[in-house]
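What follows is the residue order along each chain.
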Amino acid sequence: MVEHRPILTVLTHLVMLTGILLIAFPIWITFVAASHDAIRMTQVPLPLWPGDQFWHNMKITLLGSGLRGTETTPVWWMMFNSLVMALSIAFGKIAISIISAFAIVYFRFPFRMGFFWLIFITLMLPVEVRILPTFEVVANLGLLNSYAGLSLPLIASATATFMFRQVFLTIPDEMLESARIDGAGPMRFFWDILLPLSRTNIAALFVILFIYGWNQYLWPLLITTDADMTTVVVSLKQMLTAAEATPEWNIIMMTALLAMLPPILVVVFMQKLFVKGLTETDK
Amino acid sequence: MASLTLKDLYKSYGNTEVLHGISGEIQDGEFVVIVGPSGCGKSTLLRMIAGLEIISAGEVYIGDRKVNDLEPADRDIAMVFQNYALYPHMSVRQNMAYGLKIRGISKKEINRRVEEAADILEIREYLDRKPRQLSGGQRQRVAMGRAIVREPEVFLFDEPLSNLDAKLRVQMRLEIRKLQQRLGVTAVYVTHDQVEAMTLGDRLMVLNAGYVEQFGTPLELYERPASLFVAGFIGSPAMNFLEAKGQPDGMLQLENGVVISGAKSEGPVTLGMRPEHLIEDTEGPIRIEVSVLEQLGANTLIHGTLEGTEREMVASLPGIHQLEPGRVLGFLIRPDELHQFDSKTGKRL
Ligand SMILES: Nc1ncnc2c1ncn2[C@@H]1O[C@H](COP(=O)(O)OP(=O)(O)OP(=O)(O)O)[C@@H](O)[C@H]1O
Ligand SMILES: [Mg+2]
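About the thresholds
- Residues numbered from 1 in each chain as written.
- Chains lettered and ligands numbered in written order.
- Predicted model: local features only at pLDDT ≥ 70, side-chain atom pairs only at ≥ 80, totals over all residues.
- Heavy atoms only, no water.
- Pairing = 2+ DSSP bridges.
- Helix = DSSP H or I, 4+ residues; strand = E, 2+ residues; numbered from the N terminus.
- Axes fitted to C-alpha atoms, helices over the stretch in contact; angles between N-to-C directions.
- Contact = heavy atoms within 4.5 Å.
- Domains from an automatic or database assignment.
- Buried area = accessible area lost by both parts, 1.4 Å probe.
- Salt bridge = Lys/Arg side-chain N within 4 Å of Asp/Glu carboxyl O.
- Polar contact = N/O pair within 3.5 Å; in protein donor to acceptor, adjacent residues only side chain to side chain.
- Nonpolar A, V, L, I, M, F, W, Y, C, P; charged D, E, K, R; others polar.
- Near = heavy atom within 4 Å.
- Areas by Shrake-Rupley, 256 points an atom, 1.4 Å probe, with all protein chains shown as cover.

A. Summary view of the sheet that holds strand β8 (residues 186-191) of chain B. Residue and element names in this part refer to chain B. Pairing is mixed in the open sheet, where six strands are placed in the order β6-β7-β8-β3-β9-β10. The outermost strands of the open sheet, each flanked by one partner alone, are β6 (77-80) and β10 (211-216). Adjacent strand axes in the sheet meet at a mean angle of 15 degrees when their direction is disregarded. Alignment of strand β7 (residues 154-158) against β8, held across five bridges, turns out to be parallel. Pairing of F155 across the sheet is with A187, part of β8. Against the sheet, helix α4 (residues 136-148) contacts β6 and β7, and its axis sits at roughly 175 degrees relative to β6.

Quick look at the structure:
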């Protein structure tokens, strides 16, 4: 729609600016708070403009032991934990779901529809619902405080399986048939044809799943008791209550800023593929 | 190169049988067209030869090898699909080379074959493009190239031209024919277009509802159609059919009571007359009341009804004719061009 009335132009811009402000203001406050020293952050009124302690705060947050008076792990290590968890979840989910979708779409095996519905049902059972039994299983397997324990229970994914199933269903049957005539077995077909054709969908899914994994809170909180295994998102909340004294807002906000960074980077770098994967239909 | 033998092939999907015993011998180097209306089972038959569809009963031989239980890749065939089925993420070169690579043929040999095929098909300059950067006709060539490089015993085509516009279709039709003759390879070609079938095939297999109606050369089909179905399917404009009665004295009584000679049996028969075989003659017994004219330049199609009845008839006269509607014209037909079919079974008498 192309309209050329000035009032409308002003109005649409106002709406957009309001939206941007609503989203950006908290981030701005986070940034400002991360750039002052601890003392300034306890005085009213709170500052609205950045101070000069940003790099200093970043250094003590990333490398130091975080909050004074506690023996927490440095934030860079927690970010590393988060990264391992997010990547394992994203790659694990993609791998498992693409293989399940491959089986369901391209193979005729007994109880195929049964399995299909089994996967379907897990849509209704996110971790939060099955948290007690899952914890029990993970504990019995001795996976508490481990990367495997952090990521494995979150990997099975009905949504991603469905997405890949839909993607595969749009690939014409003739593609499989000409691959068969070319002599490609099922695994070759999978590697040489299906995977490249799902490339953009994999990228889109990766972005979504990485952020999902990175933002996990409840599950890591539950199964990591070891400070070495804490993830950065979990630590944010702990920092608020850890020190007996008033919270050190500059450090907490710096941690929050750092925690936001990897998802932003992933989105920025994969933006093109991401959009293509969600919209492209050219198969 | 090899012959292809079909022995009593049946195909069922669940409880519905769609092919009811198809047999036929296709000679080495022959170009056979399977033709029939939509849904008659042409693709199914072709796919059974290719190995993409399980054979419910019967046998397929390529050369003297029974291939029923062989995978498509082991049957020594190549297939060109209607929608080309090129791999969208591979370049033209990779598309053509993929099957050879899987078979473990050396890089050098692959390159030689791909380039040779590209030269034959004049697609050399597109070798490094992706299929999506090609026009329909070019994609069609790539699909053929992919078949050629395999150097198969049998080429299979499933309506390969139906996605092209009319002009390109005629051009590609000729090219396919030339290519097949040049390579001397056995080919089976599926189409529902009878003109395509007539111009391409050494022999045509006319399929109707899962049965073979007739298997013969284009001229045989035109001159001696084995059934009403073939008679109506082959030829354009389509053959005129009218009901008649064979008299004991060897005459045929038409629907309007007029009698013509040449009865082959007594009782009801269906007569077939090709529009182009009706000869204008003022004394002619077949009298048509003109309703519409179609001027085609080289000839004129005269649409009308058999005088005194509602039976629609078409006659094709050479040259240009101007006639006002309502006029009655007389026509003759030579006895050997008058086709007679059993009214009940539709078989040729
Ligand atoms: N997978 C299937 N399951 C059940 N019936 C099928 C299946 N595939 C085809 N058929 C039926 O088999 C018959 C023949 O199909 P086929 O595709 O061979 O027709 P066709 O002659 O190629 O037609 P067209 O000219 O439209 O391509 C049709 O009646 C179709 O409904
Ligand atoms: Mg078909």
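B. Broad picture of the domain arrangement of chain A. All names here are of chain A. Segmenting chain A into domains produces domain 1 (6-63) and domain 2 (75-279). In this structure, domain 1 and domain 2 have C-alpha centres spaced 31 Å apart. In this assembly, domain 1 packs against domain 2 so that about 1300 Å² is buried in total across both faces, 80% of it on carbon and sulfur atoms. Among the residues of domain 1 in contact with domain 2, T30, T61 and L62 are the three that bury the most area, contributing 42% of the side total. Counting the contacts that link domain 1 with domain 2 gives zero salt bridges. At the boundary of domain 1 with domain 2, the tally comes to zero residue pairs in polar contact (both at pLDDT 80 or more). For the side of domain 1 that touches domain 2, the secondary-structure elements that each account for two or more residues are α1 (6-33) and α2 (54-62). Its residues assigned to classes, the side of domain 1 that touches domain 2 shows 10 nonpolar, five polar and one charged.

C. Looking closely at the site of ligand 1. Residues and elements named next belong to chain B. Close to ligand 1 lie Y13, V18, S38, G39, C40, G41, K42, S43, T44 and E159, which account for all nearby residues. Within the backbone of G41, a nitrogen or oxygen atom sits 3.0 Å from an oxygen atom of ligand 1. Contact distances for ligand 1 include 2.5 Å between an oxygen atom and a side-chain N or O atom of T44. Within the complex, 56% of the 640 Å² of free accessible area of ligand 1 lies under protein. Among the elements that take part in the shell around ligand 1, helix α1 (residues 42-50) stands out by supplying three residues, more than any other. Along the lines of polarity and charge, the residues of the shell around ligand 1 split into three nonpolar, five polar and two charged.

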